[in-house]
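This is what each chain is made of:
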Amino acid sequence: MPLPTPPPDFRWTEEPWGPMLRCRALDAVVQHGFTSRQLQLRPGERAGDAWASAAASVGCAVPRIGRVRQVHGAVVRVVRAGELDQPIPDADAAVTCDPGTAVAVVAADCVPILLADPVTGAVAAAHAGWRGTAAGLAGLTVATLTREWGVAPASLIAAIGPSIGACCYEVGEELLRAFEEAGHSSIDRAEWFSRDAAGRLRLDLWRANADQLVHAGLLPPNIHVASLCTQTHRDVFESFRAEGAQAGRMAAIVVAPPRR
Ligand SMILES: [Zn+2]
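Here is a short report on the structure shown in this document. (Residues numbered from 1 in each chain as written. Predicted model: local features only at pLDDT ≥ 70, side-chain atom pairs only at ≥ 80, totals over all residues. Heavy atoms only, no water.)

### Things to note about the coordination of the zinc ion
Thought 1: Protein coordination of the zinc ion is provided by Cys 167 (SG), Cys 168 (SG), Cys 229 (SG) and Thr 232 (OG1), with donor distances spanning 2.1 to 2.4 Å.
Thought 2: Its four donor atoms give the zinc ion angles of 97 to 122° at the centre, a pattern that matches the tetrahedral case.
Thought 3: Sequence spacing of the donor residues for the zinc ion, all on one chain, is C-C-x60-C-x2-T.
Thought 4: Cys 229 gets classed as buried once you look at its relative accessible area, which sits at 3%. (Donors = N, O, S within 2.8 Å, 3.2 Å for Na, K, Ca; no water. Tetrahedral: all angles 85-135°; square planar, octahedral: opposite > 155°, others 65-115°. Buried < 20%, exposed > 50% of the residue type's maximum accessible area, 1.4 Å probe, protein only.)

### Some thoughts on the sheet that holds strand β2 (residues 18–23)
Thought 1: Taking strand neighbours across the sheet as the criterion, the six strands line up as β1-β2-β3-β15-β7-β4 in an open arrangement whose pairing is mixed. Either end of the sheet is taken by a strand with one partner, and the two such strands are β1 (10–15) and β4 (65–66).
Thought 2: Pairing analysis gives two bridges linking β2 to strand β3 (residues 32–35), with the strands arranged antiparallel. Residue pairing across strands places Met 20 opposite Thr 35, the latter belonging to β3. (Pairing = 2+ DSSP bridges. Helix = DSSP H or I, 4+ residues; strand = E, 2+ residues; numbered from the N terminus.)

### Structural notes on the pattern of salt bridges
Thought 1: A complete count under the given rule lists 17 salt bridges for this structure.
Thought 2: In this structure, the salt-bridge partner of Glu 238 is Arg 42, at a minimum N-O distance of 4.0 Å. Note that Glu 238 is positioned in the loop between β14 (223–225) and α8 (240–243) and Arg 42 in the loop between β3 and α2 (47–57), a separation of 196 residues in sequence.
Thought 3: Accessibility expressed as a relative area gives 1% for Glu 238, which makes it buried.
Thought 4: Among the salt bridges present, the one from Glu 170 reaches Arg 202, with a minimum N-O distance of 3.9 Å. Of this pair, Glu 170 sits in strand β11 (residues 170–171) while Arg 202 sits in strand β13 (residues 201–203), and the two are 32 residues apart along the sequence. (Salt bridge = Lys/Arg side-chain N within 4 Å of Asp/Glu carboxyl O.)

### Quick word on the nonpolar core
Thought 1: Counting 39 residues, the largest nonpolar core has Ile 113, Leu 115, Ile 160, Leu 203 and Leu 213 as its most contacted members.
Thought 2: Formed by 29 residues, the second largest nonpolar core is a distinct cluster that contains Val 68, Leu 84, Leu 114 and Ala 226. (Core = buried A, V, L, I, M, F, W, Y, C linked by side-chain atoms within 4.5 Å.)

### Looking at the packing of helix α4 (residues 137–149) against helix α7 (residues 205–215)
For any two helices packed against each other, one specifies the crossing angle of their axes together with the interaxial distance.
Thought 1: Here α4 crosses α7 at 35°, and the two axes come no closer than 8 Å. Judged by the twist between their axes, the crossing of α4 over α7 is right-handed. Contacts between α4 and α7 pair Leu 137, Ala 138 and Val 142 from the former with Asn 209, Gln 212 and Leu 213 from the latter.
Thought 2: Classifying every residue of the contact of α4 with α7 by side-chain character gives four nonpolar, two polar and no charged. (Axes fitted to C-alpha atoms, helices over the stretch in contact; angles between N-to-C directions. Left-handed = near helix turned anticlockwise from the far one by under 90°. Contact = heavy atoms within 4.5 Å. Nonpolar A, V, L, I, M, F, W, Y, C, P; charged D, E, K, R; others polar.)

### Quick word on the sheet that holds β11
Thought 1: With respect to topology, three strands assemble into an open sheet ordered β11-β13-β12, the strand pairing being antiparallel. Both edges of this open sheet fall to β11 and β12 (193–195), since each of them pairs with a single strand only.
Thought 2: As paired strands, β11 and β13 are joined by two bridges and run antiparallel to one another. Residue Val 171 lies in a different strand from β13, and its bridge partner there is Leu 201.
Thought 3: Across the face of the sheet, helix α5 (residues 173–181) comes into contact with β11, β12 and β13 while running at roughly 150° to β12.

### Structural notes on the packing of aromatic side chains
Note on aromatic pairs: each is described by the distance of the centres and the angle between the planes.
Thought 1: Evaluation of the coordinates by the stated rule reveals three aromatic pairs.
Thought 2: Seen in terms of ring centroids, Trp 12 and Phe 237 are 6.1 Å apart; in terms of plane orientation they differ by 25°. Their pairing is stacked. Placement of the pair is Trp 12 in strand β1 and Phe 237 in the loop between β14 and α8, with a sequence separation of 225 residues. A single burial state applies to Trp 12 and to Phe 237, both of which are buried.
Thought 3: Where Phe 179 meets Phe 193, the ring centres are 5.2 Å apart and the plane angle is 85°; that geometry is what we call edge-to-face. Here Phe 179 is found in helix α5, whereas its partner Phe 193 is found in strand β12, with 14 residues between them in sequence.
Thought 4: A relative accessible area of 7% places Phe 193 in the buried class. (Phe/Tyr/Trp six-rings, centres within 6.5 Å; stacked < 30°, edge-to-face > 60°.)

### Focus: the pairing of strand β7 (residues 102–107)
Thought 1: Most of β7 is tucked away, with six of its six residues classed as buried.
Thought 2: Covered by surrounding structure in β7 are Ala 102, Ala 104 and Val 106 together with Val 103, Val 105 and Ala 107, the residues of both alternating faces.
Thought 3: Relative to β7, β4 runs parallel, the two being bridged by two bridges. Bridging across to β7, Gly 66 finds its partner in Val 103.
Thought 4: Examined bridge by bridge, β7 and strand β15 (residues 250–255) share six bridges and lie antiparallel to one another.

### A short note on the environment of Val 95
Thought 1: Note on placement: Val 95 falls in strand β6 (residues 93–96).
Thought 2: Separated by 29 residues in the primary sequence, Val 95 and Gly 66 place their C-alpha atoms 8.3 Å from one another.
Thought 3: Setting aside its immediate chain neighbours within four residues, Val 95 contacts Val 76, Arg 77, Val 78, Val 79, Val 103, Val 123, Ala 124, Thr 141, Thr 144, Leu 145 and Trp 149.

Here it is as structure tokens:
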């Protein structure tokens, strides 16, 4: 199976279950990855096996993964190593600073974002569909890292994983209004929304989330966008828009590094 070519700051690795996308800048700091559809991560009884495979690919075990029950909101879960046996709370991002503890989200078209701080060892995983993007989830995740562990946003490294691209993401006019009502500037909205030749509205979630990370204090060279569209590359990725409720999910996972 030919894999789509990512930008030079990303690379594919071949795992026992299939291909995994990794960001070279994050590689230098943390174990992490974006799984592909070959992992077959679906809700249900076999999901545990898929999570075990994903965990093994980043050198940790399933009981060490802090997850969230994703609800397209803007709540950030703070994960502590001693609380991993708690019920999974409703949230759309998870952060931790406990060495060897992972945080993960799942997505199929929505934007998975991984963050790592080389200074404190804090890490984050966020799931931003259009609602989370309108709600400013990326910035709220950065703010949580700063509040909890004093992370300086300028030291953070970010990777925006495979998700639906503006090439395929036609949206309704109500989204434009939702972003306006959420307080995003007209300058930002003009960058994030565009119209094709037929006048149909498109939303660039990669750009929107990258811009929100810059607004939160990240340096543009530290923001890495995989630029791979889940709907365009359906042989490698899951796409909710293309497959509806049958679509599986892909995990984005990052492990807090050992203390230096
Ligand atoms: Zn596309």
